[in-house]
Amino acid sequence: DTGVSQNPRHKITKRGQNVTFRCDPISEHNRLYWYRQTLGQGPEFLTYFQNEAQLEKSRLLSDRFSAERPKGSFSTLEIQRTEQGDSAMYLCASSLLQGALGYTFGSGTRLTVV
Amino acid sequence: TQLLEQSPQFLSIQEGENLTVYCNSSSVFSSLQWYRQEPGEGPVLLVTVVTGGEVKKLKRLTFQFGDARKDSSLHITAAQPGDTGLYLCAGPPGGGNKLTFGTGTQLKVEL
């Protein structure tokens, strides 16, 4: 078990460009979550999947953000027309069905929009 | 308004001291979790508490869930530099599966 894997670890992009991040969860975990975290703050929920179905999206997730989890395995998070305010750490986590009992997080993707 | 408020926000102590971090809410949670996060890494789960009044110990760390399941505390005995990090409490609002995280407590333990 290699845990939750996120790629890339770091991404620097120019304002207005599109970026895509990938998350590979623990294979037997049904649920996959995306969070965003700014320095020194707690993670903020963005969206989550149960298998391939996207069950909930935060109001924080503007139309520029989209997430997919085809075939219920890996997931991608795309940000279109990036803005400086999108700069943050994007964290992926996975869990068994009882997500409330604990998540396993990846190491995150640090996005810097210049 | 944050659903889970942590205090203190920052804590800088000397090695060997004891400390307590608090996580408070006006809402009832079916469970609460504590995570520790190091710079540039994702949070790592330390413990989950599910029963009001529950106390769990993990070596020098003691976690308590309030009787009314609205608050929790983390006590560290004889802190070490390796305890340095961002401590986060988290719980599922409304008993769902997604977690809401607290505001975080940044702990620094110096030699």
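These numbers come from a predicted model, not from an experiment. (Residues numbered from 1 in each chain as written. Chains lettered and ligands numbered in written order. Predicted model: local features only at pLDDT ≥ 70, side-chain atom pairs only at ≥ 80, totals over all residues. Heavy atoms only, no water.)

J.: Any chance you could break down the overall build of chain A for me, citing the residues and the numbers?
T.: A count of helical and extended segments in chain A gives zero helices and 11 strands. For chain A, the sequential pattern of α-helices and β-strands runs β-β-β-β-β-β-β-β-β-β-β. For 114 residues, the compact-globule estimate of 2.2 N^0.38 gives 13 Å, and chain A sits close to it at 13 Å. In terms of its C-alpha atoms, chain A occupies a principal-axis envelope of roughly 40 × 25 × 20 Å. Classification of the 114 residues of chain A by burial places 47% in the buried group. Averaging the locations of the 14 positively and 11 negatively charged side chains of chain A gives two centres separated by 6 Å. (Helix = DSSP H or I, 4+ residues; strand = E, 2+ residues; numbered from the N terminus. Rg over C-alpha atoms; globule rule 2.2 N^0.38 Å. Buried < 20%, exposed > 50% of the residue type's maximum accessible area, 1.4 Å probe, protein only. Lys, Arg positive; Asp, Glu negative; His and termini not counted. Charge placed at Lys NZ, Arg CZ, Asp CG, Glu CD.)

J.: Give me the lowdown on the state of the cysteines, citing residues and values where you can.
T.: Residue and element names in this part refer to chain A. Taken as a whole and judged by the stated rule, the model has two disulfides over all chains. Across the disulfide from Cys23 sits Cys92; the S-S distance is 1.9 Å. In this structure, the disulfide formed by Cys23 and Cys92 twists by about -70° around the S-S bond and is classed as left-handed. Of this pair, Cys23 sits in strand β3 (residues 19-24) while Cys92 sits in strand β9 (residues 88-95), and the two are 69 residues apart along the sequence. (Disulfide = S-S within 2.5 Å.)

J.: Provide a residue-level description of the sheet that holds strand β7 (residues 61-65) of chain B, including the pertinent values.
T.: All names here are of chain B. Taken together, the five strands give an open sheet; going across it, the order is β1-β3-β8-β7-β6, and neighbouring strands pair in antiparallel fashion. Strands with a single pairing partner mark the edges of an open sheet, and in this sheet they are β1 (5-7) and β6 (55-58). Averaged over all pairs of adjacent strands, the angle between strand axes in this sheet comes to 15°, irrespective of strand direction. Here five bridges tie β7 to strand β8 (residues 71-76), and the two strands are oriented antiparallel to one another. When the sheet's bridge partners are listed, Leu61 is paired in β8 with Ile76. (Pairing = 2+ DSSP bridges. Axes fitted to C-alpha atoms, helices over the stretch in contact; angles between N-to-C directions.)

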